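Summary of the model geometry
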Amino acid sequence: MFKNTRHWQAPSYISKLPLQEMRASFPRDLVLLGCTGSIGRSTLAVLEALPPEEAALFRVLALAAGRNIELLAKQASLHRPPYLAVQDEALIAPL
């Protein structure tokens, strides 16, 4: 049951995207704490892999990272969140 097969169907436990009438409360804001870690990177990869009409249901509001400001800068330039956070104030200027 792989997604790239012709007759693939999503398992019943995977929720569907919201119905048209429920989309009034969208886009949903995402705040990623630890965006440069494995879970944060995976979350952004899922968002980036969505078709444009589904990706429009989500907006990256804030990204927070520890010390990996190089990756944070790349993520910020791609997703353009209005808020960024880093662990150490000394990292703000290089960012």
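Residue numbers here run from 1 along each chain, matching the order of that chain's written sequence. In view of the model being predicted, local features appear only for residues whose pLDDT reaches at least 70, and side-chain atom pairs are presented and counted only at 80 or more, with totals across whole chains, interfaces and linings using the full set of residues. Excluding hydrogens and water, the side-chain values take into account all heavy atoms of the structure.

Remarks on the overall build of the protein chain
- For the protein chain, the helix and strand inventory stands at three helices and three strands.
- From first element to last, N terminus to C terminus, the protein chain shows the α and β order β-α-α-β-α-β.
- When the 95 residues of the protein chain are sorted by exposure, 23% land in the buried category.
- Long-range contacts, defined here as pairs at least 24 residues apart, represent 47% of the contacts in the protein chain between residues at least 6 apart.
- Method for areas: the Shrake-Rupley scheme with a 1.4 Å probe, in which residue coverage is limited to the protein chains shown. If you sum the accessible surface of the protein chain, you get close to 7200 Å²; carbon and sulfur atoms cover 58% of it. Helix numbers and strand numbers start at the N terminus; a helix is a DSSP run of H or I with at least 4 residues, a strand a run of E with at least 2. Per-residue accessibility, obtained with a 1.4 Å probe over protein chains only, is compared with the maximum for each type, and a residue is labelled buried under 20%, exposed over 50%, and partly exposed between these values. Throughout, a contact is declared for two residues whenever any of their heavy atoms are within 4.5 Å.

Notes on the confidence of the model for the protein chain
- With 80% of its residues at a pLDDT of at least 70, the protein chain reaches an overall mean of 85.
- Every residue is assigned a pLDDT by the predictor, reflecting its confidence on a scale from 0 to 100. Mean pLDDT in the protein chain bottoms out at helix α2 (residues 52-55), which sits at 89, and peaks at strand β2 (residues 58-65), which reaches 96.

Observations concerning helix α3 (residues 69-79)
- Three or more residues of α3 are buried, namely I69, L72, Q75, A76 and H79. Buried residues of α3, viewed axially, fall in a sector of 120°; they line one side. What points out from α3, more than 90 degrees from its buried face, is the exposed set E70, K74 and L78.
- Check the buried side of α3 and you find it contacts α1 (38-49), β2 and β3 (83-86).
- The positive-phi residue at the C-terminal boundary of α3 is R80, with phi of around 50°. The directions from the helix axis to the C-beta atoms form the arc being described.

Quick look at the side chain of T36
- The topology assignment puts T36 in the loop between β1 (28-33) and α1.
- Once residues within four sequence positions are removed from consideration, T36 is found in contact with R41, A65, G66, N68, L71, L72 and Q75.

Notes on the environment of R59
- With respect to the element layout, R59 can be found in strand β2.
- Each residue touching R59, except ones within four places of it in the same chain, is listed here: P27, R28, D29 and L30.

Digging into the packing of aromatic side chains
- Any two of the Phe, Tyr and Trp rings considered here, Trp counted by its six-membered ring, make a pair once their centres fall within 6.5 Å; the pair's planes then place it as stacked at under 30 degrees, edge-to-face at over 60, or tilted in between. Under the defined criterion, the tally for this structure stands at zero aromatic pairs.
- Any Lys NZ or Arg CZ found within 6 Å of a ring centre and within 35 degrees of that ring's normal is scored as a charge over the ring. R28 extends its terminal NZ or CZ atom over the ring of F26, reaching a point 4.4 Å from the ring centre.

A few points about the pattern of salt bridges
- Salt bridge, as used here: a side-chain nitrogen of Lys or Arg that lies within 4 Å of a carboxyl oxygen of Asp or Glu. Going through the model one piece at a time under the given rule, you end up with two salt bridges.
- Of the charged contacts in the structure, one is a salt bridge between R59 and D29, with a shortest N-O distance of 2.5 Å. Of this pair, R59 sits in strand β2 while D29 is found in strand β1, placing the two residues 30 residues apart along the sequence.
- Relative accessible area serves as the criterion here: at 43%, R59 is assigned to the partly exposed category.
- Looking at D29, the relative accessible area reads 39%, which means it is partly exposed.
- Of the charged contacts in the structure, one is a salt bridge between R67 and D88, with a shortest N-O distance of 3.6 Å. On the criterion of sequence distance, the pair formed by R67 in the loop between β2 and α3 and D88 in the segment after β3 is long-range, its members being 21 residues apart.
- For D88, a relative accessible area of 28% gives the class partly exposed.

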